[in-house]
Amino acid sequence: MDPEFPISSYVGSPEWPLIKGGKWRKIQLPIRYGFFRHPRSGPVLIDTGYTDRVTSGTRSLDLRLYSSGLSPRLDDEGQLEPFLGGRGLTCEDIRAVIITHFHADHISACRDLPNARFYASGAAYEQLRGSSHLKRILHGVFLDLLPPDFQERLTPFETLPATEGPLGLGACRDLFGDGTVLIVPLPGHAIGHVGVAFPRIEPPLLYAADAEWLREALDTARTGIAARLVADDRDASERSSALARAFAEAGGRLVLCHDPEPLP
């Protein structure tokens, strides 16, 4: 059940806002999502990456402005449909999607998954639904990327059984009730932000999503100004980064969504 982390797209950025002491050179940040096969639940996604629902076609004015500002470059091979097709699957075959948080680069293909059950923070979803339209946009959240029946297809993390994560991750939620996939609270970057741990892989793996954007910034505790500005809670974000760093130092394998270096 070793997960894969394909790259859906890239966004260019100078290095200096991403890490303290960074250079002026431009780097390409990948936007990853995750995929694995669970022995009972079948093919599972962790987020969905960017798709052309953000970059082209009929979109809201908000999404057009958002896409124009970031200019994501879609990766043909890493897009969800061709990636699944290469594994003999279609979007209809996906029965479970873990949403680490509700930023647009993590939920863009949710409408393309008609048979999926969604697992996400119920508290975060309710808070976002109750937020003003402007506040959601400023936080990069576009709920129109979710299917109309999202609430009916949502299983809140809060309803899952509690358990202890490996290598000091602390209190987690057991996604399938068999100890193979754990939901790890990593608050700070966004409302309801989580990571996904695989404790039975050797070494244990933590997909820490956006707990930090660059692995170098995480390893050296040099979070850049951009991550600080977009953080929902800066203090919580620092604690989550420290937790992910401690996991890696304890021998765990750590994967981040946007780090441009090859995966460990």
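Look a little higher up for the structure.
Described in the following lines is the structure provided in the data block. (Residues numbered from 1 in each chain as written. Predicted model: local features only at pLDDT ≥ 70, side-chain atom pairs only at ≥ 80, totals over all residues. Heavy atoms only, no water.)

1. A word on the nonpolar core
Right, so step 1: Ranked by size, the top nonpolar core spans 36 residues in total, and within it I99 and F102 carry the most contacts.
Right, so step 2: At the level of elements, α2 (61-70), α3 (80-85), α4 (104-107), β7 (117-120) and α5 (122-130) are the ones that each hand at least two residues to this core.
Right, so step 3: Apart from the residues lying within four places of it in its own chain, the contact partners of I99 are D47, I107, C110, F118, Y119, A120, F150, F157 and V194. (Core = buried A, V, L, I, M, F, W, Y, C linked by side-chain atoms within 4.5 Å. Buried < 20%, exposed > 50% of the residue type's maximum accessible area, 1.4 Å probe, protein only. Helix = DSSP H or I, 4+ residues; strand = E, 2+ residues; numbered from the N terminus. Contact = heavy atoms within 4.5 Å.)

2. Observations concerning a negative patch on the surface
Right, so step 1: On the surface, D52, E81, E92 and D93 cluster together into a negatively charged patch.
Right, so step 2: As for its position among the elements, D93 is in the loop between α3 and β6 (96-98). (Patch = residues over 30% accessible without salt bridge, like charges linked within 9 Å, V, L, I, M, F, W, Y side chains within 5 Å. Areas by Shrake-Rupley, 256 points an atom, 1.4 Å probe, with all protein chains shown as cover. Salt bridge = Lys/Arg side-chain N within 4 Å of Asp/Glu carboxyl O. Lys, Arg positive; Asp, Glu negative; His and termini not counted. Charge placed at Lys NZ, Arg CZ, Asp CG, Glu CD.)

3. As for the environment of L113
Right, so step 1: Along the chain, L113 turns up in the loop between α4 and β7.
Right, so step 2: Once the C-alpha coordinates of L113 and W16 are considered, the two residues, 97 residues apart in sequence, prove to be 37 Å apart.
Right, so step 3: If sequence neighbours within four positions are ignored, L113 has contacts with L45, T48, L80, C91, I94, V97, F118 and R153.

4. Description of the environment of P39
Right, so step 1: Assignment of secondary structure puts P39 in the loop between β3 (34-38) and β4 (42-46).
Right, so step 2: In this structure the C-alpha to C-alpha distance between P39 and T180, which are 141 residues apart in sequence, comes to 9.8 Å.

5. Quick word on the pairing of strand β12 (residues 194-198)
Right, so step 1: With 5 of its 5 residues buried, β12 lies for the most part within the structure.
Right, so step 2: Looking at chain direction, strand β11 (residues 182-185) and β12 are connected through 4 bridges and run antiparallel. By the bridge assignment for β12, I183 is matched with V196.
Right, so step 3: Here β12 pairs with strand β13 (residues 205-207) via 3 bridges, running antiparallel. Across the sheet, the residue bridging to V196 is Y207, located in β13.
Right, so step 4: In textbook terms, the turn of a hairpin is the stretch between consecutive antiparallel strands, and for β12 and β13 this stretch comprises 6 residues. (Pairing = 2+ DSSP bridges.)

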